[in-house]
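Report on the structure
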Amino acid sequence: MADIINGVISTVTNPQAMLMVFLGTFMGLVFGSLPGLTATMAVALLIPMTFTLEPVIAIGTMLGAYVGGMAGGAVAAILLNIPGTPSAVVTTIDGHPMARAGRGAEALGWAAIASGFGGLISWVFLAFLSPVLARMATSFSAPEYAALAMFGLTIISAVSGKSVVKGIIAGLIGMVLSFAGTDPIWGDLRFTFGNYNLLSGVATMPALIGLYSIPQILNGCTNKNTVRNVKVKMKNFMPSLKSLWKSKWNIIRTSIIGVFIGIIPATGGNIAAFIAYDQAKRFSKEPETFGKGNPDGIIASEAANNAVCGGALIPLLTLGIPGDSVTAVMLGGLLIHGLTPGPALFTEHYDVVIGIFTTLLIATFLMVLIQMVGIKFFVKVLSVPTNYLSAALVVLSLVGSFALRRNMFDVFMTIGLGLFGFFLMKGGFPIAPAVLGLVLGRMFEREFRTALRTSNGNMSVFIERPIALALIIISVAVVVSTAVKRYRERAKVKDEFVI
Amino acid sequence: MDKQKRLTEIIMSAFILAVSTYLLQIAYTSKIRTKVQGMNSMAFPKAILYLLIALCLYVAITGVINLKKEKSLRRLDKKTSDQEKSPIIAKEVALSVGLIILYAIGWQFIGFILSSILFVFVESRILDPEKPWWHTMLVAAGYTLLVYFAFSMGFGVTFPEPIFAAIGI
């Protein structure tokens, strides 16, 4: 504890360190708030730019971009209904309805504060419980991953809106998209149609941009009522202490979910946000208000996705295993600065570890502060006239798809999925489950089949392992409770033949 | 549900049904290893595709039933709202879709910079013809160059520029 306090003091009194962490956080916020750009890009961009800096300052800058990027996605999600980053998909569900109702500033405020608390709570876990939690992460194998993915897929019911059947269809479409490429177990080619661009499957980022950004941009072409020029007043931005206290359990619960999802390698902010949103809805006294502008939905999503930051650093620093795509890029940054993550990092470079803890804490505070002070800047950027904004977002979205693999195929896939997503939305099909299916479908199939292979086809492997069993029981409970709830709702509807 | 949304729901269900059936056919005819321990490569996709086909059939059939029911309810209520008369896809949206496709194709023939300037200019004029053309052109050019330099210098992204490459720039 004393080391951490000393670390904080020395960083705060180091002007270069503070400046770089501030710049990194600001850059992360800008990248996160612009659709087509991501936190991963921001961190990747910073690696060569911070090469000449001291390791702690360099990594602190990257951490600032990470934290800022995860939080920045909420801005476009709330104002434009286009998630700035994949982890902000769930924020659109309640954030944009709040903005349409003239409560955009309140929504942005909740997103900033929830992100701050999520980051802070995950920092506590990182700073004090890293080795213990890392041991838990190593106990995860195929059955646990499969059960986690299955649990994540049951969240489809929470993000389906009125029609669960259409939500399931959208989820299955996402899963079908995830099948394209090379079979994860046998290496057979599936649904590649002879196109080498599909050998590694449908890339997540272009698919997400296509499914989310393009339909919203096309909708915005005719929607004269799209929220623009949200008048942000500071007094509307900051939630009151009373409402903050009322939401304390939601913040704590969803932050812890984010930490634990972040600890599990190869997951990420979007999975955490979906699971946290579902839990917030289940624990809410007014679950029917979710999806219509309930701040608790924003709190759940943003607290969870920022809590992933600290959680994902735990396996990275203790075991050298990145918790998500951003920490995977950050691993490269660490190696470039001569730091090999793993148990030895804590013994041989303890000062660097303390520096990482310190800069993450500072970046979290700066992230909230920058949003409080600079939110008008972000709102202004996104408040340009619709005709210019629509065109600009199309360019940025297609460039964002292209930049990943420098491949025109991704651009055309974005457009194709965008048109498909547009007509899906027109037909009342939700898009969020498709994203969930795409992200989790691959993981579920791979881990499920791996678990069966290693157990020689014996399904009891999922029951014999306590974590997997617990997740399966929770998944079944979620499905049953959702079915019972929907049945009761339909029993009240007399005439309409509801799907 | 309004008529346009219901029709789109039926059309999309039918479309997904058709595509799923096609993919299922591919799944059955693909050359994959079948004598394997555990599930073969297409087992999962087949299961998901069957489920998707079943659900899309359900949505399409109930959509048609609801459409007929809603049609007879609309006949009783003689008022026809403007929304009922509006097309499934608005003119601006259809134009934008065509423009986006042309824009992406344009990258490979005239390059990123020229196609982006043209796209932003034309798209902005379609959505708001009131703005002065020179203002729109300035915004289009400025924004395109900003994105170009940010990505090419910042991320090292090489955009396709066949015309500039041919000239020697």
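Residues numbered from 1 in each chain as written. Chains lettered and ligands numbered in written order. Predicted model: local features only at pLDDT ≥ 70, side-chain atom pairs only at ≥ 80, totals over all residues. Heavy atoms only, no water.

Of the residues lining the interface, 70 residues belong to chain B; the matching set on chain A comes to 62 residues. In total, about 5900 Å² of surface goes out of reach between chain B and chain A, with carbon and sulfur atoms giving 78% of it. For the pair chain B and chain A, the interface holds 1 salt bridge. A salt bridge links B:E9 to A:K166; its shortest N-O distance comes to 2.5 Å. Looking at the side of chain B that touches chain A, the elements with two or more residues in it are α1 (3–29), α2 (43–76), α4 (91–109), α5 (112–127) and α6 (133–154) of chain B. A per-element tally of the side of chain B that touches chain A places α2(B) first, with 13 residues. Split into classes, the residues belonging to the side of chain B that touches chain A amount to 45 nonpolar, 16 polar and 9 charged. (Contact = heavy atoms within 4.5 Å. Buried area = accessible area lost by both parts, 1.4 Å probe. Salt bridge = Lys/Arg side-chain N within 4 Å of Asp/Glu carboxyl O. Helix = DSSP H or I, 4+ residues; strand = E, 2+ residues; numbered from the N terminus. Nonpolar A, V, L, I, M, F, W, Y, C, P; charged D, E, K, R; others polar.)

For chain B, the domain assignment lists domain 1 (1–82) and domain 2 (87–169). Just the C-alpha atoms count here: the centres of domain 1 of chain B and domain 2 of chain B sit 36 Å apart. (Domains from an automatic or database assignment.)

Moving on, we come to the packing of helix α13 (residues 269–283) of chain A against helix α22 (residues 466–492) of chain A. All names here are of chain A. Between α13 and α22, the least distance of the axes is 13 Å, while the angle of their chain directions is 50°. Comparing the axis directions of α13 and α22 gives the class oblique. In the crossing of α13 with α22, the sense of the turn from one axis to the other is left-handed. Each of D278, K281 and R282 in α13 lies in contact with α22, whose residues at this interface are V478, S481, T482 and K485. (Axes fitted to C-alpha atoms, helices over the stretch in contact; angles between N-to-C directions. Parallel < 35°, antiparallel > 145°, perpendicular 65-115°, else oblique. Left-handed = near helix turned anticlockwise from the far one by under 90°.)

As for its placement among the helices and strands, A:F420 is situated in helix α19 (residues 408–426). In this structure, A:F420 is in contact with A:I173, B:M12, B:F15 and B:I16, ignoring residues within four places of it in sequence.

Turning to helix α18 (residues 386–405) of chain A, a few remarks are in order. Residue and element names in this part refer to chain A. End to end, α18 covers 30 Å across 20 residues, agreeing with the expected 28 Å (1.5 Å per residue, within 8%). Within α18, 17 of the 20 residues are buried, which leaves the element mostly enclosed by the surrounding structure. Directly after α18, the chain includes R406, whose backbone phi takes a positive value near 55°. (Expected span 1.5 Å × (residues − 1). Buried < 20%, exposed > 50% of the residue type's maximum accessible area, 1.4 Å probe, protein only.)

One pair of aromatic rings is described through two measures. These are the centre distance and the angle between the planes. On inspection of all chains with the given rule, the structure shows 22 aromatic pairs over all chains. Residues B:W107 and B:F112 carry aromatic rings whose centres are separated by 5.1 Å and whose planes lie at 90° to one another, so their mutual orientation is edge-to-face. Comparing B:W107 with B:F112, the two get one shared label, buried. On the basis of an interplanar angle of 35° and a centroid distance of 5.7 Å, the ring pair of B:Y148 and B:F159 is categorised as tilted. Here B:F159 lies in the loop between α6 and α7 (162–167) and B:Y148 lies in helix α6, a separation of 11 residues in the sequence. Counting every residue linked through ring pairs, the aromatic cluster contains A:F402, B:Y103, B:W107, B:F112, B:F119, B:Y148, B:F149 and B:F159. Over the face of the ring belonging to A:F283 we find A:R253, whose NZ or CZ atom lies 4.0 Å from the ring centre. (Phe/Tyr/Trp six-rings, centres within 6.5 Å; stacked < 30°, edge-to-face > 60°. Lys NZ or Arg CZ within 6 Å of the ring centre and 35° of its normal.)

Residues and elements named next belong to chain A. Unusually for a residue other than glycine, N81 sits at a positive phi of about 65°. Its place among the elements puts N81 in the loop between α4 (55–80) and α5 (91–100). Look at N81 and you get buried, because its relative accessible area is 16%. Even without glycine at this site, F193 takes up a positive phi of about 55°. Structurally, F193 can be placed in the loop between β2 (189–190) and α9 (204–222).

What follows concerns the confidence of the model for chain B. Residues and elements named next belong to chain B. Of the residues in chain B, 88% have a pLDDT of 70 or more, and the chain-wide mean is 86. For chain B, per-element mean pLDDT is lowest for helix α3 (residues 82–85), which scores 53, and highest for α1, which scores 93. Scored as a complex, the prediction yields pTM 0.79 and ipTM 0.90. (pLDDT = per-residue confidence, 0-100.)

Right, let's talk about the layout of surface pockets for a bit. All names here are of chain A. What the second largest pocket holds in volume is close to 980 Å³. Surrounding the second largest pocket, 37 residues form its lining, T40, P86, T204, M205 and S325 being those nearest its centre. Within the residue set of the lining of the second largest pocket, elements represented by two or more residues are α3 (39–49), α9, α13, α15 (325–336), α18 and α20 (432–454). Here the lining of the second largest pocket takes 5 residues from α20, the largest share from any one element. Of the residues assigned to the lining of the second largest pocket, the class counts are 21 nonpolar, 11 polar and 5 charged. (1 Å grid on protein atoms, 1.4 Å probe; cavity = no way out; pocket = protein on both sides within 12 Å on 5 of 7 lines; lining within 4 Å. Points joined across faces, edges and corners; volume = space filled by probe spheres on them.)

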